[in-house]
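Structure at a glance
Residues per chain, in single letters:
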Amino acid sequence: MFNNNTIQRFNDTETPFYYYDMGVLRNTLDACRDASSKYGFHVHYAMKANFNPKVIDMIQSFGFGADCVSGNEVKAAVEHGFDKGKVVFAGVGKSDKEINLALDADIFCFNVESVQELEIINELAKAKNKVAGIAIRINPNVDAHTHHFITTGLDENKFGINAWQLNDVAETLRKCHNLKFLGIHFHIGSQITDMEVYRNLCTRINEMQDWFEDHGFAIKILNTGGGLGVDYYNPDTNGLADFESYFKVFSKFLNVKPGQEVHFELGRAMVAQSASLISRVLYVKNGQKKNFLILDAGMTELMRPMLYQAYHSIQNLSQESRIKNQDKSEIEHSKSEIKYDVVGPICESTDCFRKDVDLPQSYRGDLIAIRTAGAYGEVMASNYNLRDQVQSVYSE
Ligand SMILES: Cc1ncc(COP(=O)(O)O)c(C=O)c1O
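So, how was this worked out
- Residues numbered from 1 in each chain as written.
- Predicted model: local features only at pLDDT ≥ 70, side-chain atom pairs only at ≥ 80, totals over all residues.
- Heavy atoms only, no water.
- Domains from an automatic or database assignment.
- Contact = heavy atoms within 4.5 Å.
- Buried area = accessible area lost by both parts, 1.4 Å probe.
- Salt bridge = Lys/Arg side-chain N within 4 Å of Asp/Glu carboxyl O.
- Helix = DSSP H or I, 4+ residues; strand = E, 2+ residues; numbered from the N terminus.
- Near = heavy atom within 4 Å.
- Polar contact = N/O pair within 3.5 Å; in protein donor to acceptor, adjacent residues only side chain to side chain.
- Areas by Shrake-Rupley, 256 points an atom, 1.4 Å probe, with all protein chains shown as cover.
- Nonpolar A, V, L, I, M, F, W, Y, C, P; charged D, E, K, R; others polar.
- Buried < 20%, exposed > 50% of the residue type's maximum accessible area, 1.4 Å probe, protein only.
- Arc of directions from axis to C-beta.
- Phe/Tyr/Trp six-rings, centres within 6.5 Å; stacked < 30°, edge-to-face > 60°.
- Lys NZ or Arg CZ within 6 Å of the ring centre and 35° of its normal.
- Axes fitted to C-alpha atoms, helices over the stretch in contact; angles between N-to-C directions.
- Parallel < 35°, antiparallel > 145°, perpendicular 65-115°, else oblique.
- Left-handed = near helix turned anticlockwise from the far one by under 90°.

**Notes on the domain arrangement of the protein**
We note that the domain assignment places domain 1 (4–16 + 273–394) and domain 2 (22–272) within the protein. Counting from both sides, the interface comprises 21 residues of domain 1 and, opposite them, 23 residues of domain 2. Buried surface at the junction of domain 1 and domain 2, both sides included, amounts to about 2,100 Å², of which 55% is carbon and sulfur. It is Gln-273, Tyr-376 and Tyr-394 in domain 1 that bury the most area against domain 2; as a group they hold 33% of the surface buried on that side. Viewed at the interface, domain 2 and domain 1 are joined by 1 salt bridge. The partner of Asp-236 in a salt bridge is Arg-371, and the shortest N-O contact between them spans 3.0 Å. Elements represented by at least two residues in the side of domain 1 that touches domain 2 include exactly α11 (304–308) and β17 (391–394). Of all the elements, α11 adds the most residues to the side of domain 1 that touches domain 2, at 3 residues.

The following block contains the structure:
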């Protein structure tokens, strides 16, 4: 992914920073659009994954909708030119201020997560003499077979409405004249690569839509949420999420009736591979049992490993370019790998990107790339320890 010119550019740039490969982003969006449009599916980009302005501008230019989880995301979607008729708003705790903002923006649909929320949206819409489009987020109790920190569709999660509460939902919908019921919404978790999980989700969606129709509610949209995973281990050789298999499962197993639309809310799969966090080795600490590479990036720039025990591939770019420029005997020598704990500078012992990483011998000043950092990376950066805000660099 990184040629000599790019590495030279990194050498001349203050670290740490996110490097966005806009070509990778474009190819990914192309693949997603091709695979979904085959079936006439509607894709909303889950802005929570990355709201870097250049990234969302490119996503918007492809005609995708936006899936937002805060009032400010709704505002950003509108400001960046997303069609308001393609903006959906989810979230277990929407404030009155956020609901009012979304009502004023005339968004397409609120994905509603509780009976009480239905009543509040109805009340606020009534005060504005508006009708809010809504979908009911149902908890399908489908196991996503992903890390338990990023599973959302089980009964014990805080998200969504459980099946046993649907009678209350139906009763409330009948009373709320400022709500327009559009359909049902699901989201079972993230980083899911097992297509069997989506097949199980389809089965549950089919059952749920039967329930609503049996109770007199016509369903226009089936929103299956997001969750498609990427390959964090092989970003160069397997850089594209498997959009083809993913959309195919839904086309095959979802019972789509005439006039219905199928909607998706993909985040990670659309942006993860387009960025790397580029950092420099500040210090090399050789211990008796452990060697540490202390980087100038830490959990303030990329939180995923500390928050979800997430894996990221780590590369020493300076060593790779040294190898390219050396003679053969030196190459053999420099190929020998050492195990390092790759850690950040933050005053927290959890500030570790990975333990026992096999890397070539590394030195102060070496450039380190932490790959597949385009999703849930820059958006979670913080100023903890009064750190500088992380910068972004773009390939074009
Ligand atoms: C409601 C909802 N939709 C979509 C997404 C996007 O998920 P992913 O990035 O895994 O595709 C999320 C993320 O957690 C979400 O909460």
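Still more ground to cover, so stick around.
**Digging into the site of the ligand**
If you check the shell around the ligand, you find 13 residues, and the closest are Lys-48, Ser-190, Glu-265, Arg-268 and Tyr-376. Within the backbone of Gly-227, an N or O atom sits 2.8 Å from an oxygen atom of the ligand. Burial of the ligand by the surrounding chains reaches 94%, relative to a free accessible area of 400 Å². Per-class residue counts for the shell around the ligand are 3 nonpolar, 5 polar and 5 charged.

**Quick word on helix α1 (residues 4–11)**
What α1 keeps buried is the set Thr-6, Ile-7 and Phe-10. Along the axis of α1, the buried positions cluster into a sector of 95°, meaning they face one direction only. Contacts from the buried residues of α1 go to β1 (17–20), β11 (275–286), α12 (317–325) and β16 (367–370).

**Structural notes on the packing of aromatic side chains**
The final tally for this structure, using the stated rule, is 23 aromatic pairs. Aromatic pair Phe-181 and Phe-212: ring centres 5.2 Å apart, planes at 15°, arrangement stacked. In this pair, Phe-181 sits in strand β8 (residues 179–185) while Phe-212 sits in helix α8 (residues 195–214), placing the two residues 31 residues apart along the sequence. Here a set of aromatic residues connected by ring pairs shows up, and it is made of Tyr-39, Phe-41, Tyr-198, Tyr-246, Phe-247, Phe-250 and Phe-264. The ring of Tyr-394 has Lys-54 lying over it, and the distance from NZ or CZ to the ring centre is 4.8 Å.

**With respect to the packing of helix α2 (residues 22–37) against helix α9 (residues 243–253)**
For any two helices packed against each other, the geometry comes down to the angle between their axes and how far apart the axes lie. At a minimum axis distance of 9 Å, the contact between α2 and α9 shows a crossing angle of 25°. One way to sum up the angle between α2 and α9 is to call them roughly parallel. Relative to α9, the crossing made by α2 is right-handed. Every residue of α9 that contacts α2 at Thr-28, Ala-31, Cys-32, Ala-35 and Ser-36 is listed here: Phe-243, Glu-244 and Phe-247. The class makeup of the residues in the contact of α2 with α9 is 5 nonpolar, 2 polar and 1 charged.

**Focus on helix α5 (residues 96–104)**
Buried within α5 we find Glu-98, Ile-99, Ala-102 and Leu-103. Angularly, the buried residues of α5 cover 135° about the axis, an arc narrow enough to put them on a single face. Positive phi appears at Asp-106, one or two residues downstream of α5, with a value of about 55°.

**What about the packing of α2 against helix α3 (residues 53–61)?**
At a closest axis distance of 10 Å, the pairing of α2 and α3 adopts a crossing angle of 30°. Considering their axes alone, α2 and α3 lie roughly parallel with respect to each other. Relative to α3, α2 is oriented so that their crossing is right-handed. Here Met-22, Leu-25, Arg-26 and Leu-29 of α2 lie close against α3, whose contacting residues are Lys-54, Val-55, Met-58 and Ile-59. Its residues assigned to classes, the contact of α2 with α3 shows 6 nonpolar, no polar and 2 charged.

**Re the side chain of Asn-206**
Positionally, Asn-206 belongs in helix α8. Polar side-chain contacts of Asn-206 include one of 2.9 Å to the backbone oxygen of Phe-253.

**Here we look at the pattern of salt bridges**
Overall, the coordinates contain 17 salt bridges when judged by the stated rule. The partner of Asp-106 in a salt bridge is Lys-130, and the shortest N-O contact between them spans 2.8 Å. Taken together, the residues span a long stretch of sequence, with Asp-106 in the loop between α5 and β5 (109–112) and Lys-130 in the loop between α6 (115–127) and β6 (132–139) at a distance of 24 residues. On the basis of relative accessibility, which here comes to 23%, the residue Lys-130 falls in the partly exposed class. Three or more residues are tied together by salt bridges with common partners; here these are Asp-210, Glu-213 and Lys-257.

**Description of the environment of Ile-370**
With respect to the helices and strands, Ile-370 occurs in strand β16. Between the C-alpha atoms of Ile-370 and Asn-316, which are 54 residues apart in sequence, the distance is 9.1 Å. With residues near it in sequence (within four places) discarded, Ile-370 still touches Ser-276, Leu-277, Leu-295, Leu-302, His-312, Ser-313, Ile-314 and Phe-353.

**Some points on the environment of Ser-313**
Looking at where Ser-313 falls in the secondary structure, it is placed in the loop between α11 and β13 (314–316). A sequence separation of 58 residues divides Ser-313 from Arg-371, and the C-alpha atoms of the two residues are 5.4 Å apart. Dropping the residues within four chain positions of it, Ser-313 is found in contact with Tyr-232, Tyr-233, Pro-235, Arg-354, Ala-369, Ile-370 and Arg-371.

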